[in-house]
Amino acid sequence: MCQDRIVKSFTRSRLVSSSLFSLYEKVCAGERITEQDAITLFRSDDLNSLGQIASVIRQRKNGNRATYILNRYINYSNICVLSCQFCAFGARKRDPHAFEMAISEIENATAESLRGGITEVHMVGGLHPTLPGEWYIELLETLRALDPNLHIKAFTAIEIRHLAERIFKISIRDTLEMLRRAGLNSLTGGGAEIFDPVVRDRICRGKETAEEWKDVHRIWHGMGQRSTCTMLFGHIETIEQRVDHLRQLRELQDETHGFTGFVPFAFVPETTELSHIRPASAVDQLRTLAVSRIYLDNFDHLTGYWIAMTLPLAQVSLCYGVDDLHGTLKEERIFHMAGSKTPQEQTVETLERTIREAGYEPMQRDSYYRPIGGDAVDPSETVLAS
Ligand code: SF4
C-alpha cells in the first residue's frame, strides 16, 4: 500500500510540467496558493498538469469517491422584477413564457419524486412581485408535512433579500429564521455570478452586490446553517475577475465554514441577450474547475454541473478536481431556457456508470455530502503521498 502510494506520487510528479512544478510542490506540502498563483494556473495551457495538481487535493479530501444526490429541481415561478442580461428564464407577468406553479402542483411533484427515492428538493424562482409572504411559508410547511426527513434546499441569496425587503418587510435574519421554522434546510448558491461590480453592471444590472450576496450567506451560516456557492463564468469576465470571485468565497469560508461545496458553471448564451458571446470551451471549463479545486483549499467539495457542461465533460472533470456530479434533477428549466441541450434528468444507473467508467467509486450522498448507504470510504485510506 505504502509502496503503491509512493509510485503513484512519483508518477504524478513526472506528469507535471516544469513551469508548474513549484506550485505542485506547494500544493503537495499543503500550502495555500495566492491569487497570483491562481492567475498563473489560469494562464497555463498545460491542462494535464492542472489536472494532476487538482487531483492531489481531490484525493486528499475525497479519496477515490465521487458522489451524486437523488434530488428534484422545482422552479416555482419565473416571474421576476429584474431583467438580468444573461438570463433567459426570468419573465414579466404578461410574457407568454411566464409561469407560476400552484402549491398543490409543487406538492404533487415532490410527492411523486419522494416515491422515487429523492432526499432533497431544490427550489428557486424569479423575484416575484406579488406572491404574498404567506405563500412561501405555506409552500415550505406543505413540503415539510410530506416528509420530515426531506431536505428542502431553496432560494438564492437575492430571493431572500427580495423576500425580506419587498415581501415580508423585515430583516434578512428574521426572514431566514421564519423560513427555517417553516421547513427550509439550506440555501442554494445561485445569484453569485461574478462578484466584480463592473461585470455585474453589464450582465445583471440591479441585482444585489457581492457584499449583499455574501451577507445573506454570512447570516445564514451564523445561524448554524449551511449553503452552497456558485460562479457563472465564460461571459465578459477576465481571469483576474474570476480569481477575485474565488478569493471572496475563500475569505468568507475562512470566516464562517458554512459552505458545503462549490458549483461553478459556464454561461449558456444561446437564447439570452448576450447570445453573441462564444460559449466557454471544454478546456476553459476544465481549467476553471481545476484552478477552483486548487485555490479553494478550505472547500471540501467541488461539483461538475452536468446540466451546463454535459455529462461526458462532467465525467472528464472528475480527473480535474471534481468529486461530485450533482444530482438526478428531473426537471431543470433555467439552463434549458437559455439553450442548454443536456437532458433534464439523469438516472442513478447513468450517474454511477459515468463515475465508474472514470475510475472512481460512486456514492450516493445527502445534502451535506455525507454518504448514504454502501460502505463509506475514508478519504485518508486513498490519499496519495505528497
Ligand atoms: S437571473 Fe434571477 S433575478 Fe435575474 S432575471 Fe433571471 S430570474 Fe430574475
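Presented here is a report on the structure given in the accompanying data block. (Residues numbered from 1 in each chain as written. Predicted model: local features only at pLDDT ≥ 70, side-chain atom pairs only at ≥ 80, totals over all residues. Heavy atoms only, no water.)

Comments concerning the sheet that holds strand S9 (residues 361-364)
Then comes step 1: The parallel open sheet is built from 3 strands, whose spatial order is S8-S1-S9. Two strands lie at the open edges of the sheet, namely strand S8 (324-327) and S9, each paired on one side alone. Sheet twist, expressed as the mean angle between neighbouring strand axes with direction ignored, is 20°.
Then comes step 2: Relative to strand S1 (residues 65-69), helix H16 (residues 348-357) is tilted by about 165°, and along the sheet it contacts S1, S8 and S9. (Pairing = 2+ DSSP bridges. Helix = DSSP H or I, 4+ residues; strand = E, 2+ residues; numbered from the N terminus. Axes fitted to C-alpha atoms, helices over the stretch in contact; angles between N-to-C directions. Contact = heavy atoms within 4.5 Å.)

Here's the deal with the side chain of His-221
Then comes step 1: Within the fold, His-221 resides in helix H10 (residues 210-222).
Then comes step 2: When near neighbours in sequence (up to four residues on either side) are disregarded, His-221 contacts Arg-226, Ser-227, Thr-256, Gly-258 and Phe-259.

Let's talk about H10
Then comes step 1: Taking 1.5 Å of rise per residue, 13 residues should cover 18 Å, and H10 covers 18 Å from first to last C-alpha, within 8% of that figure.
Then comes step 2: Just past H10, the residue Gly-224 takes up positive phi, approximately 85°. (Expected span 1.5 Å × (residues − 1).)

Notes on the environment of Phe-259
Then comes step 1: Relative to the helices and strands, Phe-259 is located in strand S7 (residues 259-266).
Then comes step 2: Given a relative accessible area of 2%, Phe-259 falls into the buried group.
Then comes step 3: Taking the C-alpha atoms as reference, Phe-259 lies 19 Å from Gly-183; in sequence the two are 76 residues apart. (Buried < 20%, exposed > 50% of the residue type's maximum accessible area, 1.4 Å probe, protein only.)

Regarding the nonpolar core
Then comes step 1: With 115 residues, the main nonpolar core has Leu-41, Ile-106, Met-123, Phe-155, Leu-179 and Phe-262 as its most contacted residues.
Then comes step 2: In terms of residue count, helix H7 (residues 157-168) provides more of this core than any other element does, 7 residues in total.
Then comes step 3: In this view, Phe-262 contacts Cys-229, Thr-230, Met-231, Leu-246, Leu-249, Ser-292, Leu-296, Phe-299, His-301, Leu-302 and Thr-303; residues no more than four positions away in its chain are not counted. (Core = buried A, V, L, I, M, F, W, Y, C linked by side-chain atoms within 4.5 Å.)

Here's the deal with the environment of Ser-317
Then comes step 1: Turning to its location among the elements, Ser-317 is positioned in helix H14 (residues 311-317).
Then comes step 2: Overall, Ser-317 belongs to the buried group, its relative accessible area being 0%.
Then comes step 3: Each C-alpha atom of the pair Ser-317 and Leu-274 lies 26 Å from the other, and the pair is 43 residues apart in sequence.
Then comes step 4: Each residue touching Ser-317, except ones within four places of it in the same chain, is listed here: Leu-286, Leu-289, Gly-304, Met-309 and Val-322.
Then comes step 5: Separated by 2.5 Å, the side chain of Ser-317 and the backbone oxygen of Ala-314 make a polar contact. (Polar contact = N/O pair within 3.5 Å; in protein donor to acceptor, adjacent residues only side chain to side chain.)

Concerning the pattern of salt bridges
Then comes step 1: Considering all chains together, one arrives at 23 salt bridges under this definition.
Then comes step 2: Close ionic contact of Asp-215 with Arg-218 constitutes a salt bridge, the shortest N to O distance being 3.3 Å. Of this pair, Asp-215 and Arg-218 both sit in helix H10, separated by 3 residues, roughly a single helical turn.
Then comes step 3: Here Arg-218 falls in the partly exposed class, since its relative accessible area comes to 24%.
Then comes step 4: Each of Glu-237, Arg-242, Asp-284 and Arg-287 takes part in one network of salt bridges that share partners. (Salt bridge = Lys/Arg side-chain N within 4 Å of Asp/Glu carboxyl O.)

Structural notes on the pairing of S7
Side-chain direction in a regular strand flips from residue to residue, so the side chains alternate between the two faces of the sheet.
Then comes step 1: Counting buried residues along S7, 8 of its 8 residues qualify, which places the element largely inside the surrounding structure.
Then comes step 2: Here 6 bridges tie strand S6 (residues 226-233) to S7, and the two strands are oriented parallel to one another. Among the inter-strand pairings, Ser-227 is bridged to a residue of S7, identified as Phe-259.
Then comes step 3: In terms of handedness, the path from S6 via helix H11 (residues 239-256) over to S7 forms a crossover that is right-handed. (Right-handed = clockwise from strand over helix to strand, strands pointing away.)

Some remarks on the packing of aromatic side chains
Then comes step 1: Taken as a whole and assessed by the stated rule, the structure comprises 12 aromatic pairs.
Then comes step 2: Where Phe-195 meets Trp-213, the ring centres are 5.4 Å apart and the plane angle is 55°; that geometry is what we call tilted. In this pair, Phe-195 sits in the loop between strand S5 (186-187) and helix H9 (197-203) while Trp-213 sits in helix H10, placing the two residues 18 residues apart along the sequence. Comparing Phe-195 with Trp-213 shows no difference in burial state: the two are buried.
Then comes step 3: Between the aromatic rings of Phe-265 and Tyr-305, the centroid separation amounts to 5.2 Å while the plane-to-plane angle is 40°, which identifies the pairing as tilted. (Phe/Tyr/Trp six-rings, centres within 6.5 Å; stacked < 30°, edge-to-face > 60°.)

Details of the packing of helix H3 (residues 35-43) against H11
Then comes step 1: Two elements in contact, H3 and H11, have axes whose closest approach is 10 Å; the angle formed by their N-to-C orientations is 135°. The orientation of H3 with respect to H11, classified from their angle, is oblique. Judged by the sense of rotation from one axis to the other, the crossing of H3 with H11 is right-handed. Here Glu-35, Ala-38, Ile-39, Phe-42 and Arg-43 of H3 come into contact with H11, specifically with Ile-239, Glu-240, Arg-242, Val-243, Leu-246, Arg-247 and Arg-250.
Then comes step 2: Class assignment of the residues belonging to the contact of H3 with H11 gives a composition of 6 nonpolar, no polar and 6 charged. (Parallel < 35°, antiparallel > 145°, perpendicular 65-115°, else oblique. Left-handed = near helix turned anticlockwise from the far one by under 90°. Nonpolar A, V, L, I, M, F, W, Y, C, P; charged D, E, K, R; others polar.)

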